[in-house]
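# Observations on chain architecture
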Amino acid sequence: MEGQREVQLECAVPTSGTDRVLLAHGGGGRLMQGLIHRVFHERFDNPHLRREHDGAVLPRPAGRLAMTTDSYVVRPLFFPGGDIGRLAVYGTVNDLAMCGARPLYLSVGFILEEGLPMDTLKRVAASMARAAETTGVMLVTGDTKVVDKGKGDGMYINTTGIGVVPDGVSVNPQSVRPGHKLVLSGDLGNHGIAVLSVREGLAFDGGIESDAAPLHGVVADLLDHGITPSCLRDLTRGGLASALNEIASKANVSVVLDELEIPVSESVRGACELLGLDPLYVANEGRFVALVPAHQADATVGVLRSHAVSAEARVVGEVTAEYAAPVLLRTTFGTTRILDLLSGEQMPRIC
């Protein structure tokens, strides 16, 4: 038509071979399908995931189901001894293990930032696949979202885990009683200091690495040996002190720790002194505490020490009925101090 300008519309269609995550990778179209198949399906392949349904239809196992969910926002994505992918699998498996459950299935949600290098995503996915294989769990369903550049810090991961609790097993804080002993599975503080060292560009003697590790095998061995823990707790955010405060408050008891018995490596202790941190509050990703009847304490230590991940296990305290404070510490100076909950976090973004 005369006098009418010709309008040409152009739509930039990203190629499937892009080396970075684009917003279109979360748009439900071809790029998203390609990402799911080339990155996730190739690494997490199993019959449930292969169905490509909106969810997974799973066989119902015998026993009671345990379910947990967690989100991982650790910065940086890679750190000495681990990465966000391995952390997501091990952390979820460990939460199930602390319920006395045998982990079976995981779901995963990826929140990806526009511009994330595709090689980084592939590296994390490969790490998750290896961790899932190590722990014997299947990643059966998932989701992917992409957010604008500058609004996702690279990558966040959400996981949900399902496991089965054997008949006769009951692990919960309300079962803790005065007289129970506290068995700690190993030395404290490695994960938090390892993450902090990379984030802040610090170097510490001793090459501190994260203790990230799966704990379900150790817990299963305890149960197989007839150990009846009243409570199990992995020592993640807030460390040993925060975990025991939560347990003691729910059970209406006091916990008394012996500082001399609590293992902390010289490297971690030195780093904490330098940074003004208390190792009892520093996060761990491969350590837990078991509260057990007094007559089972030695057997518990024996079982734990037969596993590499808990080779330094020892009795570090006991439960009392005297409710002076939820958690008390007998110090190396012969005094007693209260270990209270922190008002915030010593180190944010460590899991």
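Look up a bit, the structure's there.
Note that this is a predicted model, so its numbers are computed, not measured.

Next up on the list: the pattern of salt bridges. Close approach of charged atoms allows side chains with opposite charge to pair. Taken as a whole and assessed by the stated rule, the structure comprises 9 salt bridges. When the shortest N-O distance is used, the salt bridge between Arg-50 and Asp-45 registers 2.9 Å. The class of Arg-50 is partly exposed, set by a relative accessible area of 48%. What makes Asp-45 partly exposed here is its relative accessible area of 46%. Three or more residues are tied together by salt bridges with common partners; here these are Arg-75, Asp-153 and Arg-349.

Here we take up helix H3 (residues 84–97). Under the 1.5 Å per step criterion, the end-to-end length of H3 is 20 Å for 14 residues, consistent within 8% with the ideal 20 Å. Counting buried positions along H3 gives 13 out of 14 residues, so the element sits mostly inside the fold. The N-terminus of H3 is capped by Asp-83, whose side-chain oxygen sits 2.8 Å from the backbone nitrogen of Gly-85.

Attention now moves to the packing of helix H6 (residues 216–224) against helix H9 (residues 297–305). Interhelical geometry of H6 versus H9 gives an angle of 140° and a closest axis separation of 10 Å. Taken together, the axis directions place H6 and H9 in an arrangement best described as oblique. As H6 packs across H9, the resulting crossing turns out to be right-handed. Between H6 and H9, the contacting residues are Val-218, Asp-221 and Leu-222 on the first element and Thr-300, Val-303 and Leu-304 on the second. Of the residues assigned to the contact of H6 with H9, the class counts are 4 nonpolar, 1 polar and 1 charged.

What follows is about the nonpolar core. One finds Leu-121, Met-128, Met-155, Leu-240, Leu-257 and Ile-262 to be the most contacted residues of the largest nonpolar core, which totals 79 residues. Residue contributions to this core peak at 8 residues, all from helix H4 (residues 118–135). Grouped together as the second largest cluster of nonpolar side chains are 23 residues, Val-171, Val-218, Ile-227 and Leu-304 included.

Strands belonging to one sheet form pairs held by backbone hydrogen bonds; the direction of such a pair is parallel or antiparallel. The 7 strands are arranged S8-S10-S7-S11-S9-S12-S13 in an open sheet whose pairing can be described as mixed. Each edge of the sheet is formed by a strand with only one pairing partner; in this case those strands are strand S8 (231–234) and strand S13 (336–338). Going across the sheet, the axis of each strand differs from the next one's by a mean of 25°, ignoring polarity. The pairing of strand S12 (residues 327–330) with S13 spans 3 bridges and is classified as antiparallel. From the neighbouring strand, Leu-329 faces S13, where its bridge partner is Arg-337. Most of the contacts of H9 go to strand S7 (residues 181–184), to which it runs at about 10°, and overall it touches S7, strand S10 (288–292) and strand S11 (314–320).

A separate point is the pairing of strand S5 (residues 138–147). Relative to S5, strand S4 (residues 102–113) is paired through 9 bridges, and the arrangement is parallel. Following the sheet pairing, Glu-113 is matched in S5 by Val-147.

Topologically, Leu-304 is positioned in helix H9. Using a relative accessible area of 0% as the deciding quantity, one classes Leu-304 as buried. Expressed as a C-alpha distance, the spacing of Leu-304 and Val-219, which sit 85 residues apart in the sequence, is 8.6 Å.

A cluster of nonpolar side chains, Leu-202, Leu-274 and Leu-275, forms an exposed patch at the surface whose accessible area comes to about 260 Å². Taking the relative accessible area as the measure of exposure, Leu-274 reaches 65% and is therefore exposed.

Following Arg-75, the chain continues to Pro-76 via a peptide bond in cis, the omega torsion being 5°. Tracing the backbone through its elements, the reader meets Pro-76 in the loop between strand S1 (64–72) and strand S2 (78–79). Here Glu-52, not a glycine, exhibits a phi torsion of approximately 55°, which is positive. Looking at the element boundaries, Glu-52 is found in the loop between helix H2 (47–50) and S1. What makes Glu-52 partly exposed here is its relative accessible area of 46%. Look at Arg-349: it is not a glycine, yet its phi comes out positive at around 60°. Position of Arg-349 among the secondary structure elements: in the segment after S13. By relative accessible area, Arg-349 is classed as partly exposed at 24%.

Next up on the list: H9. Those residues of H9 that fall on the buried side of the exposure criterion are Ala-297, Thr-300, Val-301, Val-303 and Leu-304. The buried residues of H9 occupy an angular sector of 165° when the element is viewed end-on, so they sit on one face. Buried-residue contacts for H9 involve S7, H6, S10 and S11.

Turning next to the pairing of S10. Buried residues dominate S10, accounting for 5 of its 5 residues. Where burial is concerned, the two faces of S10 agree: the one with Phe-288, Ala-290 and Val-292 and the one with Val-289 and Leu-291 are both buried. As paired strands, S7 and S10 are joined by 4 bridges and run antiparallel to one another. Pairing of Lys-181 across the sheet is with Val-292, part of S10. With 4 bridges joining them, S8 and S10 adopt antiparallel strand pairing. Residue Asp-234 lies in a different strand from S10, and its bridge partner there is Phe-288.

How each quantity is defined
Residues numbered from 1 in each chain as written. Predicted model: local features only at pLDDT ≥ 70, side-chain atom pairs only at ≥ 80, totals over all residues. Heavy atoms only, no water. Salt bridge = Lys/Arg side-chain N within 4 Å of Asp/Glu carboxyl O. Buried < 20%, exposed > 50% of the residue type's maximum accessible area, 1.4 Å probe, protein only. Helix = DSSP H or I, 4+ residues; strand = E, 2+ residues; numbered from the N terminus. Expected span 1.5 Å × (residues − 1). Polar contact = N/O pair within 3.5 Å; in protein donor to acceptor, adjacent residues only side chain to side chain. Axes fitted to C-alpha atoms, helices over the stretch in contact; angles between N-to-C directions. Parallel < 35°, antiparallel > 145°, perpendicular 65-115°, else oblique. Left-handed = near helix turned anticlockwise from the far one by under 90°. Contact = heavy atoms within 4.5 Å. Nonpolar A, V, L, I, M, F, W, Y, C, P; charged D, E, K, R; others polar. Core = buried A, V, L, I, M, F, W, Y, C linked by side-chain atoms within 4.5 Å. Pairing = 2+ DSSP bridges. Patch = residues over 30% accessible without salt bridge, like charges linked within 9 Å, V, L, I, M, F, W, Y side chains within 5 Å. Areas by Shrake-Rupley, 256 points an atom, 1.4 Å probe, with all protein chains shown as cover. Arc of directions from axis to C-beta.

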